[in-house]
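# Structural overview for review
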Amino acid sequence: MTRTIAFVLFDGAEELDFAGPWEVFTFTGRLQEGTCTAFTVSQNGGEVACAKGLRVLADHSFADCPQADIIVVPGGIGTRTEVDNPAMNDFLRRAGAECELVTSVCTGAFLLERAGFLAGKRGVTHWASMDRLRELGTVEVVEERYVEDGNVVTAAGVSAGIDMALYLVGRLWTPELARRVQKGIEYFPTPPYAEVAIPTLT
């Protein structure tokens, strides 16, 4: 079964939040034919200005977006306004209702929460926004790299989206395929300053 993956974009989306999972899933599709395809979608289609200045052309608008099996919602500064965007909330509710999996990276969790997908579920977001997510009172916030609850999968900040995507490749297809993808994209992080760069979450 070929799964179709929709990456939801908006102005102020954090680049690696979607580019990391995009690399994992599209590499999977090239490595093993018939696994998955991916496309991008934004409210009006066309150009999206991301958080760090990268400009991306979305393949579809909300109006002409084809049905997807999986939705990936990135975070970024743009989520602060997108949570109050009726068009975004409407689209996520409609499209997500038909999906096998609804996922987010970083503060994309706030968009899933507003659309109703995280009510009563466990979820995670960027470490600096965990308290803000807890304060909403609808999500059991956990301190994990990624967490799956029902058909909703959330990942912590930015690079955690790569881990989430690799996990999903292993779960939806095979762990062996996920290992081949991980090797293919050479994802074996060894950050030089890890001992001082990782913040405490509590």
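So, here's what we can say about the structure. As the structure is a prediction and not an experimental result, all values here were calculated from the model.

Calculation notes
Each chain carries its own residue numbering, running from 1 in the written order of its sequence. For this predicted model, a pLDDT threshold of at least 70 governs which residues receive local features, and a threshold of 80 or more governs which side-chain atom pairs are given and counted, while totals over whole chains, interfaces and linings are taken from all residues. To obtain the side-chain values, all non-hydrogen atoms of the structure were used and water was disregarded. When the centres of two rings from Phe, Tyr and Trp lie within 6.5 Å, Trp using its six-membered ring, the rings pair. Their planes under 30 degrees apart give stacked, over 60 give edge-to-face, and anything left gives tilted. Strands here mean DSSP runs of E at least two residues long; helices mean DSSP runs of H or I at least four residues long; both are numbered from the N terminus. We count a charge as sitting over a ring when the NZ of a lysine or the CZ of an arginine lies within 6 Å of the ring centre and within 35 degrees of the ring normal. Interaxial angles span 0 to 180 degrees and are taken between N-to-C directions of axes, which are lines fitted to C-alpha atoms, for helices over the stretch in contact. Angles are sorted into four bins: roughly parallel if under 35 degrees, roughly antiparallel if over 145, roughly perpendicular if 65 to 115, and oblique for all others. Left-handed describes a crossing in which the near helix is turned anticlockwise from the far one by less than a right angle; the clockwise case is right-handed. A contact between two residues is defined here by any heavy atoms of the two lying within 4.5 Å. Gly counts as polar in this scheme, as do all residues outside two lists: the nonpolar Ala, Val, Leu, Ile, Met, Phe, Trp, Tyr, Cys and Pro, and the charged Asp, Glu, Lys and Arg. Accessibility here uses a 1.4 Å probe with only protein chains present; expressed as a share of the type maximum, an area under 20% marks a residue as buried, one over 50% as exposed, and anything in between as partly exposed. At least two DSSP bridges between two strands are needed for those strands to be called paired. Orienting the strands away from the viewer, one traces the path from the first strand over the helix to the second; a clockwise path indicates a right-handed crossover.

### Concerning the packing of aromatic side chains
Given two aromatic rings, one states the distance between the centres and the angle between the planes to describe the pair. For the structure shown, the criterion picks out 3 aromatic pairs. Centroid distance phenylalanine 62 to phenylalanine 91: 4.2 Å. Interplanar angle 5 degrees. Geometry classified as stacked. Residue phenylalanine 62 is located in the loop between β5 (60-61) and β6 (70-73), and its partner phenylalanine 91 is located in helix α3 (residues 86-97); the two are separated by 29 residues in the primary sequence. Positioned over the ring face of tryptophan 173 is arginine 3, at 5.3 Å from the centre of the ring. The side chain of arginine 132 reaches across the aromatic face of phenylalanine 110, ending 4.0 Å from its centre.

### What about the packing of helix α1 (residues 15-31) against helix α6 (residues 160-172)?
Their axes nearest at 7 Å, the elements α1 and α6 cross at an angle of 25 degrees. On the basis of their axis angle, the class for α1 and α6 is roughly parallel. For the element pair α1 and α6, the recorded crossing hand is right-handed. Each of Gly20, Pro21, Val24, Phe25 and Thr28 in α1 lies in contact with α6, whose residues at this interface are Gly161, Ile162, Ala165, Leu166, Leu168 and Val169. Here the contact of α1 with α6 is composed, by residue class, of 8 nonpolar, 3 polar and no charged.

### Considering the pairing of β6
Alternating residues of β6 divide into Ile70 and Val72 and Ile71 and Val73, and every residue in both groups is buried. Two strands pair when backbone bridges link them, and strand β1 (residues 3-8) and β6 are joined in this way by 3 bridges, in the parallel orientation. Directly across from phenylalanine 7, in β6, lies its bridge partner valine 72. Where β6 meets strand β7 (residues 101-105), 4 bridges bridge the pair, whose relative direction is parallel. Looking across to β7, one finds that valine 72 is bridged to threonine 103.

### Remarks on the pairing of β1
Along any regular strand, the residues point their side chains to alternate faces of the sheet. Taking burial as the measure, the 6 residues of β1 include 6 buried ones, the bulk of the element. Because side chains alternate across β1, one face comprises the buried residues Arg3, Ile5 and Phe7, and the other comprises Thr4, Ala6 and Val8, equally buried. One ladder, built from 6 bridges, connects β1 with strand β2 (residues 36-42); its direction is parallel. In the sheet register, isoleucine 5 faces β2, and the bridge partner there is alanine 38. Traced from β1 through α1 to β2, the parallel crossover comes out right-handed.

By themselves, these figures tell us nothing about what the structure is for.
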